[in-house]
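# Architecture and fold: a report
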Amino acid sequence: MFELRRLRLLHELALRGTISEVAAALAYSPSTVSQQLAQLEREAGVSLLEPDGRRVRLTTQGRLLAAHAARALELDEAARAELSSSQQIEERVRIAVMPTAAEALVPPALTLLAERMPDLRVEMVEMAPEEGLFELQARGFDLVVAEQYSGYTRELRDGIDRTLLGPDPVRLAVPPGSSATGLSDLHDHAWAMEPKGAAVREWTMQQCRAAGFEPDVRFEATDLIAHARLVAAGHAVAMLPDLVWTGDRSSVRLLELPGSPVREIFAATRSSSRDNTAVAAVLTAMTEALAAHVPR
């Protein structure tokens with residue numbers, strides 16, 4: 001009989017690639033991870049790992065058992081969710097959210113949950129969608145709030161469900177004193193964008209090129225609030241989603257972009273938690289929080 005804890009270590013190794021990363025993610029020492037995987041090999045009676053330079057990699061049998069481990073972990077989670085629902089056990093939901101969701105959606109969602117499930121413990125970490133979606137698959141979180149732009153859909157992952165929370169309009173933000181009336185007027189302005197490699201950066205570049213110019217990107221920041229403040233101070237222009245504006249947005253002028261684009265805000269959960277009432281409650285609260293968000 002395989003021990004589920006050791007199967008999880010193998011599953012983590014299949015996802016993360018190195019024993020040191022598995023150890024860091026699960027708060028074990030690398031030697032403990034190695035010892036437990038060695039014990040799993042003895043239980044399996046076949047070689048699960050083989051040398052790969054100074055590291056190890058999964059053998060064919062290791063990959064096979066890792067796939068079974070993923071299914072075993074899903075069954076364990078589904079069973080726990082059903083038992084928790086039937087016995088009303090106090091629950092915890094761990095969520096990873098992008099910065100704009102942390103500021104605009106989490107506070108009102110928590111208010112709704114405090115009324116509906118006062119014993120529910122929600123733990124939040126602000127995290128980039130790419131990292132959050134990976135950690136969701138690795139069971140670091142139960143729900144992830146992320147976004148995607150038209151033409152830049154995110155990777156679909158086995159065992160992960162997506163629920164559309166709603167659209168988030170994207171507009172062109174310019175300083176209050178700007179005379180610009182549209183995107184084509186900003187070919188000689190300084191731009192604030194997210195760092196290279198981010199899907200939204202590529203999407204924004206394509207919007208500018210479609211308007212006939214290559215943007216002068218002088219400011220890079222993952223924090224969209226920083227973009228907004230640069231615009232308000234007259235140093236840059238930017239394309240910003242409405243979720244940035246949790247309060248007064250009169251510090252900038254907002255112009256419509258061609259085609260009135262939106263980014264899709266979605267929540268990702270593991271398929272094995274479909275029957276988890278606590279996760280479903282958080283999902284509903286997030287959906288309602290987005291629907292109620294109206295920038296002033």
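In short, a report on the structure. (Residues numbered from 1 in each chain as written. Predicted model: local features only at pLDDT ≥ 70, side-chain atom pairs only at ≥ 80, totals over all residues. Heavy atoms only, no water.)

### Here's the deal with the packing of helix α1 (residues 4-16) against helix α2 (residues 19-26)
- For the pair α1 and α2, interaxial distance at closest approach is 9 Å and the crossing angle is 120°. Judged by the inter-axis angle, α1 sits oblique to α2. Once α1 is placed against α2, the crossing between them reads as right-handed. Every residue of α2 that contacts α1 at R8, L9, E12, L13 and R16 is listed here: I19, E21, V22, A25 and L26.
- Residue composition of the contact of α1 with α2, by class: six nonpolar, no polar and four charged. (Axes fitted to C-alpha atoms, helices over the stretch in contact; angles between N-to-C directions. Helix = DSSP H or I, 4+ residues; strand = E, 2+ residues; numbered from the N terminus. Parallel < 35°, antiparallel > 145°, perpendicular 65-115°, else oblique. Left-handed = near helix turned anticlockwise from the far one by under 90°. Contact = heavy atoms within 4.5 Å. Nonpolar A, V, L, I, M, F, W, Y, C, P; charged D, E, K, R; others polar.)

### So, the side chain of Q36
- Within the element layout of this structure, Q36 appears in helix α3 (residues 30-44).
- Leave out the neighbours within four places in its chain, and Q36 touches E3, R5, R6 and L9.

### Quick word on the pattern of salt bridges
- Inspection of the entire model under this criterion finds 21 salt bridges.
- Where R116 meets E288, a salt bridge forms, and the shortest distance between an N and an O atom there is 2.6 Å. You can see R116 sitting in helix α6 (residues 106-116) and its partner E288 sitting in helix α10 (residues 277-292), a full 172 residues away along the chain.
- The class of R116 is partly exposed, set by a relative accessible area of 42%. (Salt bridge = Lys/Arg side-chain N within 4 Å of Asp/Glu carboxyl O. Buried < 20%, exposed > 50% of the residue type's maximum accessible area, 1.4 Å probe, protein only.)

### A word on the pairing of strand β9 (residues 238-241)
- Side chains of β9 alternate between two faces, with A238 and L240 and M239 and P241 buried alike.
- As paired elements, strand β6 (residues 160-174) and β9 share four bridges and run antiparallel to each other. Its bridge partner lying in β9, V170 is registered against P241. (Pairing = 2+ DSSP bridges.)

### Concerning the packing of aromatic side chains
- This model, assessed by the stated rule, comprises two aromatic pairs.
- When the ring of Y149 is compared with that of W203, the centres are 5.0 Å apart and the planes differ by 40°; the resulting orientation is tilted. With Y149 in strand β5 (residues 143-149) and W203 in helix α8 (residues 199-210), this residue pair connects regions lying 54 residues apart in the sequence. Just as Y149 is buried, W203 falls in that class too. (Phe/Tyr/Trp six-rings, centres within 6.5 Å; stacked < 30°, edge-to-face > 60°.)

### Structural notes on the environment of Q137
- Mapped onto the elements of the fold, Q137 is located in helix α7 (residues 129-137).
- Separated by 67 residues in the primary sequence, Q137 and A70 have C-alpha atoms spaced 9.5 Å apart.
- Discounting chain neighbours no more than four positions away, the residues touching Q137 are H11, L15, R157, D158 and I160.
- One polar contact links Q137 to R157, side chain to side chain, over a distance of 3.2 Å. (Polar contact = N/O pair within 3.5 Å; in protein donor to acceptor, adjacent residues only side chain to side chain.)

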